[in-house]
Amino acid sequence: MGINSKDLISLSDLSIQEIHEIFTNAKSMKEIINREIKKVPTLRGKAIINLFYENSTRTRSSFELAGKYMGADVINISASSSSVAKGESLRDTAKTIESMGADVVVMRHPASGAHHILAQAVKARVINAGDGTHEHPTQALLDIFTILEHKGTIRGKKVAIIGDILHSRVARSNIWGLNALGADVWICGPPTLMPSQVDKLGVNVTWDIQKALKDADVVMMLRIQLERQKSGLFPSIREYSKLFGLNKNKLKLAKEDALVMHPGPMNRGVEITADVAESYQSVIEEQVTNGVAIRMALLYAMGGGKINASA
Ligand code: CP
């Protein structure tokens, strides 16, 4: 199996068939992750560079583990501790990485669209690990994979995505993927935290959390991105939490077996209460485990290895 597109910048770079193949392979990868010795030689001899211009815990470490579990050499570069801090441009950093022989570059960048510059500058395959407020395609893959594991299908499932839609690259990638797979997608948040052409997203839009939650199969809460907020987008954290935060009482509006999801990192007590985050309905920790499996499956597809489950 392979992926036609050289790079994964938006989730729409993948065909539906490629998405399903990644999900199928992620199941085999989970089996490897659960072994005592988590090592297969699938990507031996391949070099993966994690180039992070923004902070990350989950995405960066899961790409690193995914590459290492499959035998690749993985190098992490953080903007703050690299020559970027001395003023090196993205193009020059890209050329330097290319000269070292990278096969895959995984990048997170605060500027939406920065990955197009990188992808044009290098022959290596580029994976978007989050760009500004644009997309986070591997997060959407792991989220949809997690829903599939529990619900068996995406088609017809009501998925409520609640919170700061305006700044959320997670929401943008999930909306595309969930729509493509036939979900009934609802987005909910304050009008000031909705994108300008929200009606073009092809989803149900509401400012009323009760409508979004009613009979939902999946409730996906988004982080309030305090680092990207301009002042005045909502009156106060307290008011936001009261109107758009998820607590046990509000969750009762959703189906009894509704999944509670959050991409992390969470602002506990703001967009989600601690008891909901830790309830039996929460699959937040599973999302993290599935993040490693999905990124293994993606690196396998983009790095050109073969799964050798017996190794
Ligand atoms: N969900 C997510 O992207 O988390 P990190 O910022 O920790 O990578």
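How each quantity is defined
- Residues numbered from 1 in each chain as written.
- Predicted model: local features only at pLDDT ≥ 70, side-chain atom pairs only at ≥ 80, totals over all residues.
- Heavy atoms only, no water.
- Helix = DSSP H or I, 4+ residues; strand = E, 2+ residues; numbered from the N terminus.
- Buried < 20%, exposed > 50% of the residue type's maximum accessible area, 1.4 Å probe, protein only.
- Lys, Arg positive; Asp, Glu negative; His and termini not counted.
- Salt bridge = Lys/Arg side-chain N within 4 Å of Asp/Glu carboxyl O.
- Polar contact = N/O pair within 3.5 Å; in protein donor to acceptor, adjacent residues only side chain to side chain.
- Contact = heavy atoms within 4.5 Å.
- Pairing = 2+ DSSP bridges.

Looking at this structure, how should I read the side chain of Arg108?
Mapped onto the elements, Arg108 comes out in strand S3 (residues 104–109). Buried charge without a salt bridge: Arg108, with Glu54 as the nearest opposite-charge side chain at an N-O distance of 4.4 Å. Within polar-contact distance, the side chain of Arg108 engages the backbone oxygen of Asn55 at 3.0 Å. Apart from residues no more than four positions distant in its own chain, Arg108 is found in contact with Leu51, Phe52, Tyr53, Glu54, Asn55, Ser56, Thr59, His115, Ala129, Gly130, His136 and Arg169.

Looking at this structure, I do not really get the environment of Ile97. What am I missing?
Among the structural elements, Ile97 can be located in helix H3 (residues 90–99). Taking relative accessible area as the criterion, Ile97 reaches 2% and is therefore assigned buried. Through-space distance from the C-alpha of Ile97 to that of Arg295 is 21 Å; in sequence the pair is 198 residues apart. Those residues in contact with Ile97, other than ones at most four positions away along the chain, are Ile49, Leu51, Ile77, Ala102 and Val105.

Can you walk me through the pairing of S3 in this structure?
A regular strand places its side chains on the two faces of the sheet in alternate fashion. In terms of burial, S3 is largely enclosed, as six of its six residues are buried. In S3, alternate side chains face the same way, and those of Val104, Val106 and Arg108 on one face and Val105, Met107 and His109 on the other are all buried. Relative to S3, strand S1 (residues 47–52) runs parallel, the two being bridged by five bridges. Paired with Leu51 across the two strands is Met107, which belongs to S3. The pairing of S3 with strand S4 (residues 125–131) spans five bridges and is classified as parallel.

Would you take a moment to explain the environment of Asn179 for this structure?
Tracing the backbone shows Asn179 in helix H6 (residues 169–180). Take Asn179: its relative accessible area is 27%, and that puts it in the partly exposed class. A sequence separation of 44 residues divides Asn179 from Arg223, and the C-alpha atoms of the two residues are 21 Å apart. With residues near it in sequence (within four places) discarded, Asn179 still touches Asn174, Val185, Leu201, Gly202 and Val203.

Remember, this is a structural readout, not a statement about activity or role.
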